[in-house]
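Inside the fold
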Amino acid sequence: MKLTDKAKAAIKENTRLKNRLALEFNCSVFTIQRWIEIGEVRLTAPSATNIIKEETELTDADILEETEPATAK
């Protein structure tokens with residue numbers, strides 16, 4: 001799972017949301033911004049998605065999207 005572009009944009013523009021996520025993960029707002037850019041999996045955790053839902057009123061489908069499964073070579 002990964003964040004959708006819609007969810008990433010919502011987090012980037014919402015200071016309160018970034019602060020709540022930083023508190024949840026005991027890190028800085030700058031770390032949250034970096035995690036958005038690198039696609040950090042912790043932002044797809046249930047605690048993070050609940051915060052995103054509360055702050056943005058986005059649905060699970062608006063927040064998360066399936067990733068391509070890795071294939072063995």
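Residues numbered from 1 in each chain as written. Predicted model: local features only at pLDDT ≥ 70, side-chain atom pairs only at ≥ 80, totals over all residues. Heavy atoms only, no water.

**Focus on the environment of isoleucine 36**
With respect to the secondary-structure elements, isoleucine 36 resides in helix H3 (residues 29-38). With 17 residues separating them in the primary sequence, isoleucine 36 and lysine 53 have C-alpha atoms 16 Å apart. Filtering out sequence-adjacent residues up to four positions away, isoleucine 36 remains in contact with Lys8, Ile11, Lys12 and Leu43. (Helix = DSSP H or I, 4+ residues; strand = E, 2+ residues; numbered from the N terminus. Contact = heavy atoms within 4.5 Å.)

**Quick notes on the packing of helix H1 (residues 5-13) against helix H2 (residues 15-25)**
Each packed pair of helices is defined by two parameters, the angle between the axes and the distance between the axes. Their axes nearest at 5 Å, the elements H1 and H2 cross at an angle of 95 degrees. In this view, H1 runs roughly perpendicular relative to H2, as classed from their interaxial angle. Judged by residue contacts, Ala10, Ile11, Lys12 and Glu13 of H1 engage Thr15, Leu17, Lys18 and Leu21 from H2. Within the contact of H1 with H2, the residues separate by chemical class into four nonpolar, one polar and three charged. (Axes fitted to C-alpha atoms, helices over the stretch in contact; angles between N-to-C directions. Parallel < 35°, antiparallel > 145°, perpendicular 65-115°, else oblique. Nonpolar A, V, L, I, M, F, W, Y, C, P; charged D, E, K, R; others polar.)

**Comments concerning the pattern of salt bridges**
Enumeration over the complete set of coordinates arrives at eight salt bridges. Note that arginine 20 and glutamate 55 form a salt bridge whose closest N and O atoms lie 2.7 Å from each other. One end of the pair, arginine 20, is in helix H2; the other, glutamate 55, is in helix H4 (residues 46-56), with 35 residues separating them in the sequence. The residue aspartate 60 makes a salt bridge to lysine 53 at a minimum N-O spacing of 3.0 Å. What emerges from the salt-bridge pattern is a single network uniting Arg16, Arg20, Glu54 and Glu55. (Salt bridge = Lys/Arg side-chain N within 4 Å of Asp/Glu carboxyl O.)

**Some words on the packing of H2 against H4**
Across the interface, H2 lies against H4 with an axial gap of 10 Å and an inter-helix angle of 160 degrees. Taken together, the axes of H2 and H4 lie roughly antiparallel to each other. The two elements H2 and H4 cross, and the hand of that crossing is right-handed. Touching Arg16, Leu17, Arg20, Leu21, Glu24 and Phe25 of H2 are Ser47, Ala48, Ile51, Ile52, Glu54, Glu55 and Thr56, all from H4. Residues that form the contact of H2 with H4 fall into these classes: six nonpolar, two polar and five charged. (Left-handed = near helix turned anticlockwise from the far one by under 90°.)

**Some thoughts on the environment of asparagine 50**
Topologically, asparagine 50 is positioned in helix H4. Asparagine 50 sits ten residues away from aspartate 60 along the chain, and the two C-alpha atoms are 9.0 Å apart.

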